[in-house]
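What follows is each chain in one-letter form.
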Amino acid sequence: MGALSVRNVRKSYGPVDILKGIDIDVESGEFLILVGPSGCGKSTLLNMIAGLDSITSGEIYIGDRLVNHLSPKDRDIAMVFQSYALYPNMTVRKNISFGLEMRRVPHAEQDRIVDNVARILQMGHLLDRKPAQLSGGQRQRVAMGRAIARNPTLFLFDEPLSNLDAKLRVEMRTEIKLLHQRVGKTIIYVTHDQIEAMTLGDKIAVMNAGELQQFGTPEQVYANPVNLFVAGFMGSPSMNFIPVPIVPLGGGLGVKLEIAGNTRVFPVNGAEPQLRAWQGREVTMGIRPENITHKDESHANEPNHPIAPAKVEVSEPTGPDTLIMVRINGKDVVCRVHPSHAKRHGEMMDLMFDMSRTVFFNPQTGSRLA
Amino acid sequence: MADPSGAQTQGGSRVGRAVVYGLLILVCLYYLMPLFLMVSTSLKTLDEIRGGDLLARPQQVNFDAWIKAWDSACTGVQCGGMKGYFMNSVRFVVPAVLISTLIGAFNGYVFTLWRFKGSDVLFSMLMIGCFIPFQVVLLPMAQTLGRFGIANSTTGLIFVHVVYGLAFTTLFFRNFYITVPDELVKAAKIDGAGFVRIFLRIILPLSTPIIVVSVIWQFTQIWNDFLFGVVFSSGERQPITVALNNLVNTSTGVKEYNVDMAAAIIAALPTLFVYAVAGKYFVRGLTAGAVKG
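Since we're looking at a predicted model, the values are computed, not measured.

1. A word on the overall build of chain B
Of regular secondary structure, chain B possesses 13 helices and zero strands. Reading the helices (α) and strands (β) of chain B from amino to carboxyl end gives α-α-α-α-α-α-α-α-α-α-α-α-α. Taking 2.2 N^0.38 as the reference for a compact globule, 293 residues should give roughly 19 Å; the C-alpha atoms of chain B span a radius of gyration of 25 Å, well beyond that estimate. When its C-alpha atoms are laid out on the principal axes, chain B stretches across 80 × 75 × 30 Å.

Below is the structure:
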């Protein structure tokens, strides 16, 4: 049985369409990420699932119940907000038990649940404090505790980590993942941070301008983006997009690249059938930074791992890797190389291209060609 | 370690500080002068007032004028002092303040956290109420009170002040609740709380600073009001401001300045008291939400 089913859901304010027909199905126990840039409609969709925002058309099922007209409290959900939304006048204990009290859970049972939640989240010592006396991370934890206490079928998280500093964000990210593994409930999680999306999600729904761009596992979305938008949005540093002419190469096809003043033709690995029609024209080739690296002997002499010397424009050490910027076909291209192989600004360096990982897009529409 | 430039700035700031404090003290004295005159005059005997210097301190502290003002001064033909009118004022000011504050809180809650179609228009219309002078509503209000059958009664006066005060209290609470994050209400909705319960359990407990502002404002306005009091009440039921006017304007007998002053202070004491008790919240409430807490 699916935990959540969103069917052709639309939202308009007058003539303005915020959501243009969204279809998403989530299996029970899955961790779904709604990710996209600001204003893509992801938070609106979450609010509609929660019942805090009305639906213009379409259907939303939680479990097998149609919830379009149910009020938030009857949807069996719990939500964690960006601002935490803790009740400032209540202690942590009261914050957690408020929802139980509203549902007329007996007092003894309330106490038992609060203690249990406090144990799971290791915040027993905070129970008698007011939210103002807590740090950002502790407030976040209380907000999660409030959600867990109700034991709902569906958890909704609305950018829960964006108010935390970078270090705490990574810690809480792990904590949320642990929490999900422990309680095994379905989670719908909104974020604009593609790293959160990749690390947390079982499934990712990439949204842009009110439309669902791609729905799949993190691996699918990362390795097989359906269009230019998804390819550019997921991954950091983002995928390189290089305009390349398609030319004949041997019996097949190749892409023409201008690197450090030399023209080279690299094979389009296995993409010939889709690119045949584009011969002699330009397409957009996408290649991720980690697929342009230093010369790796284990792949040397493989036809889909061609090597070309390039001039280093900028070199940025990040610690584990060094990011090298070179110019190819007039575009700045970022490559990720091992620090021990990295050359400095102005020097020449041999770069190895993994052509088996390249993707091709229609330069006009941005849709995937191969 | 000595730092000459640092010492110099410190010296400079000390002079500046002295100037600032000096000015503040001067202004303070200027504003306190009338109060001083009133208090000292109220404690003098009539002979002393007639014969002496206005600024001189009383030779002997004498509370006779206070006792007379409270207990037996004549306002027109009545000679029962201010005490009855003081209680009149308390009787209608307290309910009027509480009711207008409570309704204002409720209005503010609806206008910010439960917006509906046309709520902005309605709010703007309500705000016009802040700009309507008292005099404009006198006649229609008299008709309305007559129709409701509460003309010339304490209930009527409460009604008038509640209606007139609503625009202000609504504005106060609305501007305060705008700083309350929507997510708080959303969280409470998901927790299962309804419209009324969210107001009583979540929103109202947050509102202390703005409640204080509203109470001080309304108390001062209503307690000090003269026009509505003189128009919509008469005789025994008149508020203290009207009684004070009558007392001071009595044309029979000797003009007793000490009694007038004592009566005026009695009439002003409750507002002074409210400021003294809640004043620090007043400033805090007016600037609430201005700085992220």
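Once you've had a look at it, read on.
2. Remarks on the overall build of chain A
What chain A contains, in helices and strands, is nine helices and 21 strands. With the principal axes as the frame, chain A shows a C-alpha extent of 80 × 45 × 35 Å. Residue burial in chain A is summarised as follows: out of 370 residues, 40% are buried. Restricting the contact set of chain A to residue pairs at least 6 apart, pairs at least 24 apart contribute 66%.

3. Looking at the domain arrangement of chain B
Residues and elements named next belong to chain B. Domain parsing of chain B yields domain 1 (4-71) and domain 2 (84-286). Counting from both sides, the interface comprises 12 residues of domain 1 and, opposite them, 10 residues of domain 2. At the level of elements, α1 (4-42), α2 (46-51) and α3 (64-71) are the ones that each hand at least two residues to the side of domain 1 that touches domain 2. Per-element tally for the side of domain 1 that touches domain 2: the top contributor is α3, with five residues. Across the side of domain 1 that touches domain 2, the residue classes break down as eight nonpolar, two polar and two charged.

4. Focus: the domain arrangement of chain A
Residue and element names in this part refer to chain A. When its domains are assigned, chain A resolves into domain 1 (2-233) and domain 2 (240-361). When each unit is reduced to the centre of its C-alpha atoms, the spacing between domain 1 and domain 2 is 40 Å. Each side of the interface is counted separately: domain 1 has four residues, and domain 2 has four residues. Residue classes in the side of domain 1 that touches domain 2 are distributed as three nonpolar, one polar and no charged.

5. Things to note about the environment of T144 of chain B
Residues and elements named next belong to chain B. Its location among the elements puts T144 in helix α6 (residues 134-148). In this structure T144 comes out as partly exposed when scored by C-beta crowding, with 16 C-beta atoms within 10 Å. The sequence separation of T144 and V121 amounts to 23 residues, and the corresponding C-alpha distance is 25 Å.

6. Considering the interface of chain B and chain A
Between chain B and chain A, the contact holds 13 residues from the first and 17 residues from the second. Listing elements by their share of the side of chain B that touches chain A, those giving two or more residues are α8 (182-191) and α9 (195-206) of chain B. Broken down by element, the side of chain B that touches chain A gets its largest block of residues, seven residues, from α8 of chain B. Tallied by class, residues from the side of chain B that touches chain A come to eight nonpolar, one polar and four charged.

7. Structural notes on the environment of G39 of chain A
With respect to the helices, strands and loops of the structure, G39 of chain A is situated in the loop between β3 (31-35) and α1 (42-50). When the C-alpha atoms of G39 of chain A and A209 of chain A are compared, they prove to be 7.0 Å apart, with 170 residues separating the residues in sequence.

8. Some words on the sheet that holds strand β10 (residues 211-216) of chain A
Residues and elements named next belong to chain A. The strand order across the open sheet formed by six strands is β6-β7-β8-β3-β9-β10, and the pairing between neighbours is mixed. Of all strands in the sheet, those bounded by a partner on one side alone are β6 (77-80) and β10. Taken over all neighbouring pairs, the strand axes of this sheet differ in orientation by 15° on average, direction set aside. By the bridge criterion, five bridges tie strand β9 (residues 203-208) to β10 in an arrangement that is antiparallel. Bridge pairing links N208 to E211 in β10. This element, helix α4 (residues 136-149), spans β6 and β7 (154-158) of the sheet and lies at about 180° to β6.

9. Regarding the nonpolar core
Side chains of a nonpolar character, in soluble globular proteins, are inclined to be buried together. Of all hydrophobic cores here, the largest spans 151 residues; its most connected members are L34, M79, L156, I188 and A205 of chain A. The element that contributes the greatest number of residues to this core is helix α7 (residues 154-177) of chain B, accounting for 13 residues. Once residues within four sequence positions are removed from consideration, M79 of chain A is found in contact with A50, A147, L156 and D158 of chain A together with A187 and I190 of chain B. One finds V259, M261, A262 and A263 of chain B within the second-largest nonpolar core, a separate group that totals 17 residues.

Quick notes on the rules
Residues numbered from 1 in each chain as written. Chains lettered and ligands numbered in written order. Predicted model: local features only at pLDDT ≥ 70, side-chain atom pairs only at ≥ 80, totals over all residues. Helix = DSSP H or I, 4+ residues; strand = E, 2+ residues; numbered from the N terminus. Rg over C-alpha atoms; globule rule 2.2 N^0.38 Å. Buried ≥ 20, exposed ≤ 12 C-beta atoms within 10 Å, placed from the backbone. Contact = placed C-beta atoms within 7 Å. Domains from an automatic or database assignment. Nonpolar A, V, L, I, M, F, W, Y, C, P; charged D, E, K, R; others polar. Pairing = 2+ DSSP bridges. Axes fitted to C-alpha atoms, helices over the stretch in contact; angles between N-to-C directions. Core = buried A, V, L, I, M, F, W, Y, C linked by C-beta atoms within 7 Å.

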